[in-house]
Structures are given as C-alpha cells and as structure tokens.
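Listed below are the residues making up each chain.
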Amino acid sequence: MTRPVAVLIGPPGSGKTTVGRTLAARLNVALHDTDAAVEVVAGKTIADVFIDDGEPAFRALERAEVARALAQESGVLALGGGAPMDPATADALAGHRVVMLDVGIADAAKRVGFDQSRPLLAVNPRASWVALMKERRPTYERLARHRVDTAGRTPEEIAAEIVALLRADEGQA
C-alpha cells in the first residue's frame, strides 16, 4: 500500500507548501500539494473556483484529491488549510503521519500577505484568519501526531525538526 511519508496540515501562512518542498528534498521524495492538484483538475485557480463555482464545488474537488493522494502518493503531502475540516478527509487522515504546522497571525501575514488568492481571507483578512483558526485549531490538533511551530524559523529548520520527529516515529514502530 502506498502512503505519504508525511502529511502537512495547518492554517494559511504556516508554510505547508514551502516547508513541504524542503522536507521532500531532505527525504528525497516528491512533494504533492493538493491545492495545486485541484487547480490542475479544475483548470483554474482556487480563487476562480470559489468565484465561478462556489465553495462547495471547491470542497468536493479538494475532498476527492486528498482521498486520491492519501491512497496513491508516497512522498510529502501538503493539504489546503480547510481540507482537514471535511469529516471524510479527517477520517481518511487516521493512521497517517500528520504534522500540524502552527503559526501566529503576525508570521502568517508576513508570509501570505492576505491577498486575493485566498478567498476565505479576502474580506478583513486578519479577523478572518483569527476566526478560521478559532474554528480549525481543535481539528488540526486532534488529527496531528506532531505539532511544529513555524514562527520565526526557516523552512530548513522546520524540515529538520520534522525529519527528527519522523525518525523517532520509525524507532517506535
């Protein structure tokens, strides 16, 4: 059975894609970003899917892509920030090596700038981000085997910590 070596979850701006790329390189595996894959399937940006088709259509595409990736991808998997909120996706994450990348709003704002490419943060981005985290944090924490703080750290430092956590998991298996 093919399984990702690690699944990264967390809020917008936590570094899932950037850290995922660095982590994948350190582990000599591929990075699979489900947001990027959804854009390929949809033939348009996530923002355009939200505008043209609505959030439910995006979430259906996301749910299908995450399920496929969990079953077929063997590298590092980076999930969109809202993906774990779907009950079917949350259930599918059981038994996987899920790592929550955590970040505060100050670092998240520096990293993503809260621009229009993030539809759920388009109106009053800071307040929207805080509200999203209040809603999502319990789910992220429940699903994650490990939590890694990314604030003020380089992708290399974060990836090194994740590698150490994954190796420690292997020692316990």
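One can find the structure itself at the top, above this paragraph.
Residues numbered from 1 in each chain as written. Predicted model: local features only at pLDDT ≥ 70, side-chain atom pairs only at ≥ 80, totals over all residues. Heavy atoms only, no water.

1. So, the nonpolar core
For step 1, the next point in the chain: Core analysis: the largest hydrophobic core is formed by 16 residues, its most contacted members being Val7, Ile9, Leu70, Leu77, Leu79, Leu93 and Val98.
For step 2, the next point in the chain: Mapped onto this core, the elements with two or more residues apiece are strand E1 (6-9), helix H4 (55-72), strand E4 (98-102) and helix H7 (125-143).
For step 3, the next point in the chain: Filtering out sequence-adjacent residues up to four positions away, Leu79 remains in contact with Val7, Leu8, Ile9, Lys16, Thr34, Val66, Pro84, Thr89 and Leu93.
For step 4, the next point in the chain: Formed by 14 residues, the second largest nonpolar core is a distinct cluster that contains Val19, Val148, Ile158 and Ile162. (Core = buried A, V, L, I, M, F, W, Y, C linked by side-chain atoms within 4.5 Å. Buried < 20%, exposed > 50% of the residue type's maximum accessible area, 1.4 Å probe, protein only. Helix = DSSP H or I, 4+ residues; strand = E, 2+ residues; numbered from the N terminus. Contact = heavy atoms within 4.5 Å.)

2. Focus: the pattern of salt bridges
For step 1, the next point in the chain: Enumeration over the complete set of coordinates arrives at 13 salt bridges.
For step 2, the next point in the chain: A salt bridge links Glu161 to Arg153, with the shortest nitrogen-to-oxygen separation between them at 2.7 Å.
For step 3, the next point in the chain: Overall, the relative accessible area of 26% leaves Arg153 in the partly exposed class.
For step 4, the next point in the chain: Residues joined in a network through salt bridges with shared partners are Asp102, Arg137, Glu141 and Arg147. (Salt bridge = Lys/Arg side-chain N within 4 Å of Asp/Glu carboxyl O.)

3. A word on the environment of Thr34
For step 1, the next point in the chain: With respect to the helices and strands, the residue Thr34 is situated in helix H2 (residues 34-42).
For step 2, the next point in the chain: Its relative accessible area of 1% is what places Thr34 among the buried residues.
For step 3, the next point in the chain: Residues Thr34 and Ala69 lie 35 residues apart in sequence; the distance between their C-alpha atoms is 7.7 Å.
For step 4, the next point in the chain: Setting aside chain neighbours within four positions, we find Thr34 in contact with Glu65, Val66, Ala69, Leu77, Ala78, Leu79 and Gly80.

4. Observations concerning the sheet that holds strand E2 (residues 31-33)
For step 1, the next point in the chain: In space, the five strands of this open sheet follow the order E2-E3-E1-E4-E5, with parallel pairing throughout. Single-partner strands in this sheet number two, and they are E2 and strand E5 (146-149). Adjacent strand axes in the sheet meet at a mean angle of 25 degrees, parallel and antiparallel pairs treated alike.
For step 2, the next point in the chain: Contacting E1, E2 and strand E3 (76-78), H4 runs over the sheet at an angle of about 165 degrees to E2. (Pairing = 2+ DSSP bridges. Axes fitted to C-alpha atoms, helices over the stretch in contact; angles between N-to-C directions.)

5. Observations regarding the pairing of E4
For step 1, the next point in the chain: Where burial is concerned, most of E4 is hidden: five out of the five residues are buried.
For step 2, the next point in the chain: What you see with E4 is no split at all: Val98, Met100 and Asp102 on one side and Val99 and Leu101 on the other are buried throughout.
For step 3, the next point in the chain: As paired strands, E1 and E4 are joined by three bridges and run parallel to one another. Counterpart to Leu8 in the pairing with E4 is Val99.
For step 4, the next point in the chain: In the sheet, E4 pairs with E5 via four bridges, with the strands oriented parallel.

6. Details of unusual backbone geometry
For step 1, the next point in the chain: Of note, the phi angle at Asn28 is positive, near 60 degrees, even though the residue is not glycine.
For step 2, the next point in the chain: In this structure, Asn28 sits in the loop between helix H1 (16-27) and E2.

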